[in-house]
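What follows is the residue order along each chain.
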Amino acid sequence: QMIREFITFAIVAIARDVVIVCGILLVMLTTNVPLTLVILIFLPVLFVFAYKWSVRSRTIYTSVREEVSSVNARLAEDFNGVRVVQAFAREDYNYRRFHDGDNREVLNSNLQATFVLASFFPLLELLSGLTLFGLVLVGGLLVLSYGLTAGVLVAFVLYIEQIYGPIRDLAQRWSVVQIALASGEHVFRLLDEPIEISDKPDAIELPRGKGRVEFADVSFSYDKKTAVLHQINLSVQPGQKVAFVGDTGAGKSSMIKLLMRFYDVTEGAVKIDGYDVRDVTQKSLRGQTGIVLQETHLFGGSIMDNIRAGRQGATDGEVIAAAKAIGADEFISPLAEGYQTYISKGASILSVGQRQLLAFARALVADPPILILDEATSNIDTHTEILIQRAINTLLAGRTSFIIAHRLSTITSADLIVVMDHGHIVEQGTHLELLALRGRYYRLYTMAYKGEVQGSEAEIVF
């Protein structure tokens, strides 16, 4: 908004004022050089002060924009988390934090900026008065001793008023320039932020393959200092169902992020059907993978469009077939407008389980050779779980799948269970093989099984 105001109004006004000032000086030079020199003596003083003032004001206006950004971010956070604020009775605390903290800082920054801006104009008036004094003094002597006409002197007095008018306007416009420059720093700071993950210049399209995945000596760190994965070696055959098991922070989700190339490995390589994921385009890579997350994001639009988000070219028939295979058709069809029912952002008309079913249908209609379920069944109620379990085999049939889940039923049916601990693979095998080892998986499974028997879902997070 500030940049737009600068471009729309300030640039035109500044150009106009500069033309007027230059035009008046040119007329004055052609009329009388000595009197013009009197005026030019004071202009450098004005420009030096204006420069120093602009440097100071730029710093202050940058601080103002920082404070405004901070208070806007805090307000957005409070509004988005309003239910939590209400639930913990934080209204008074948040109001005081806003009124006495963030908003007070904005006020103080603006007062400081206003003071700096206001200090410029008195000095400008002082310079204008000194210029007029010098002009009358020199001009009077020229009129008395050197035959300068009184009309020329009066004309120069009027020129002073005409030239300082645009200069005052330039000073006011200059404040807009400083605000725009400060705002521009914010904009370009974002635009100039380097893209961490980008395609190589010679990146190729990943052809649709069978879904063979390999983690070859993979190590990874988010901050380039603390490793979260250490020398991971894992080979997954096409069509295998792989479950990751481990405590929170073991590295399960990091494995998925590397596979999707949301991050690049620190060492080693992640390969799909023999292709290093860094050597292919991100679009083609993610076209080979489908993912269902714990929190389902639905876009404003129809249910049909939200399911079709998995593959834009899918026909209505394919969307409906996917919904039926998953079991979502049971709650979609009874709706007044069926698949054309509009859901707004947040999809408040749908339950958590129903939103999750739509995410499964979205993944199915995409028809990827590799499917990822990241805590995808944790928010589903018992009835919906029955629907999911009924459709899960359809969803995973013929696909390589990676699963992070709480529920024992999802874990135990996997072809390969990978047990992780602090970024290392400590055990891997089938459910029965790992139980026979009586190691870490056996302890986790036993504790989780006891929790489910007692009526609660696994207390130990897989």
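Predicted model only: the values in this text are computed from it and were never measured. (Residues numbered from 1 in each chain as written. Predicted model: local features only at pLDDT ≥ 70, side-chain atom pairs only at ≥ 80, totals over all residues. Heavy atoms only, no water.)

This part takes up the sheet that holds strand β4 (residues 267-272). Neighbouring strands of a sheet are bound in pairs by backbone hydrogen bonds; such pairs are parallel or else antiparallel. If you walk across this open sheet you meet the four strands as β2-β1-β4-β5, and the pairing is antiparallel. If you trace the sheet from one side to the other, it starts and ends with β2 (227-236) and β5 (275-276), each paired once. (Pairing = 2+ DSSP bridges. Helix = DSSP H or I, 4+ residues; strand = E, 2+ residues; numbered from the N terminus.)

Let us now look at the nonpolar core. Nonpolar side chains in soluble globular proteins tend to be buried together. The biggest cluster of nonpolar side chains holds 34 residues, and the ones touching the most others in it are M28, L46, F156, Y164 and I167. Secondary-structure elements contributing two or more residues to this core are α1 (2-31), α2 (33-80), α4 (91-145) and α5 (150-191). Top element by residues in this core is α2. It accounts for eleven residues. Apart from residues lying up to four places away in sequence, I167 is in contact with V21, L43, L46 and L124. If you look at the next biggest cluster of nonpolar residues, it comprises 30 residues, including V218, V236, M260 and L285. (Core = buried A, V, L, I, M, F, W, Y, C linked by side-chain atoms within 4.5 Å. Buried < 20%, exposed > 50% of the residue type's maximum accessible area, 1.4 Å probe, protein only. Contact = heavy atoms within 4.5 Å.)

Quick look at the pattern of salt bridges now. Oppositely charged side chains can form a pair if their charged atoms are brought close together. For the structure shown, the criterion picks out 15 salt bridges. Where D276 meets R278, a salt bridge forms, and the shortest distance between an N and an O atom there is 2.9 Å. For R278, a relative accessible area of 24% puts it in the partly exposed group. The salt bridge partner of D367 is R399, with a shortest N-O separation of 2.9 Å. Of the two residues, D367 sits in the loop between α11 (352-366) and β9 (370-374) while R399 sits in the loop between α12 (382-396) and β10 (400-404), which places them 32 residues apart along the sequence. R399 sits in the buried class, given a relative accessible area of 8%. Salt bridges sharing partners connect three or more residues here, namely R74, E77 and D102. (Salt bridge = Lys/Arg side-chain N within 4 Å of Asp/Glu carboxyl O.)

All right, on to the packing of helix α9 (residues 316-326) against α11 then. Orientation of α9 relative to α11, taken along the N-to-C sense of each, is 125 degrees, at an axis distance of 8 Å. Relative to α11, the element α9 is oriented oblique. Considering only the axes of α9 and α11, their crossing is right-handed. Note on element contacts: α11 touches α9 through L357, F360, A361, L364 and V365, opposite E318, V319, A322, A323, A325 and I326. Across the contact of α9 with α11, the residue classes tally to ten nonpolar, no polar and one charged. (Axes fitted to C-alpha atoms, helices over the stretch in contact; angles between N-to-C directions. Parallel < 35°, antiparallel > 145°, perpendicular 65-115°, else oblique. Left-handed = near helix turned anticlockwise from the far one by under 90°. Nonpolar A, V, L, I, M, F, W, Y, C, P; charged D, E, K, R; others polar.)

This part covers α1. Here α1 contains 30 residues, and its C-alpha end-to-end distance of 41 Å stays within 8% of the 44 Å for a straight helix at 1.5 Å per residue. At A10, α1 is deflected by roughly 40 degrees, the largest bend along its length. (Expected span 1.5 Å × (residues − 1). Bend = angle between axes of the 7 residues up to and from the residue.)

Moving on, we get to the confidence of the model for the protein chain. Per-residue confidence for the protein chain gives a mean pLDDT of 82, with 90% of residues at or over 70. Considering only residues more than four positions removed or in separate chains, one finds that residues 453-462, a stretch of pLDDT under 50, has 28 contacts. (pLDDT = per-residue confidence, 0-100.)

This brings us to the packing of aromatic side chains. Under the defined criterion, the tally for this structure stands at six aromatic pairs. Plain terms: the ring middles of F156 and Y159 are 5.7 Å apart, the flat faces sit at 80 degrees to each other, and that makes the pair edge-to-face. In this pair, F156 and Y159 both sit in helix α5, three residues apart, roughly one turn of the helix. Residues F156 and Y159 agree in their burial class; the two are buried. Between the aromatic rings of F220 and Y222, the centroid separation amounts to 4.6 Å while the plane-to-plane angle is 75 degrees, which identifies the pairing as edge-to-face. Overall, the relative accessible area of 2% leaves F220 in the buried class. Among the aromatic residues, ring-to-ring pairing joins F220, Y222 and Y263 into one connected group. (Phe/Tyr/Trp six-rings, centres within 6.5 Å; stacked < 30°, edge-to-face > 60°.)

As a further point, take the sheet that holds strand β3 (residues 241-245). Pairing is mixed across the open sheet formed by six strands, whose spatial order is β6-β9-β10-β3-β11-β12. Strands with a single pairing partner mark the edges of an open sheet, and in this sheet they are β6 (289-292) and β12 (424-429). In this sheet, adjacent strand axes meet at a mean angle of 20 degrees when their direction is disregarded. Along the sheet face, helix α6 (residues 252-259) touches β3, β6, β9, β10 and β11 (416-421) and points at about 145 degrees away from the line of β10.

Take α6 next. One turn of the α-helix equals 3.6 residues, which is why residues spaced by three or four share an orientation. Judged by how many residues are buried, α6 sits mostly within the fold: six of eight residues are covered. Of the residues making up α6, those classed as buried are K252, S254, M255, I256, L258 and L259.

Following the sequence through the fold, T296 ends up in the loop between β6 and β7 (301-302). C-alpha separation for the pair T296 and F215, spaced 81 residues apart in sequence, amounts to 28 Å. Those residues within four positions of T296 in sequence are excluded, and the remaining contacts are R355, Q356 and A359.

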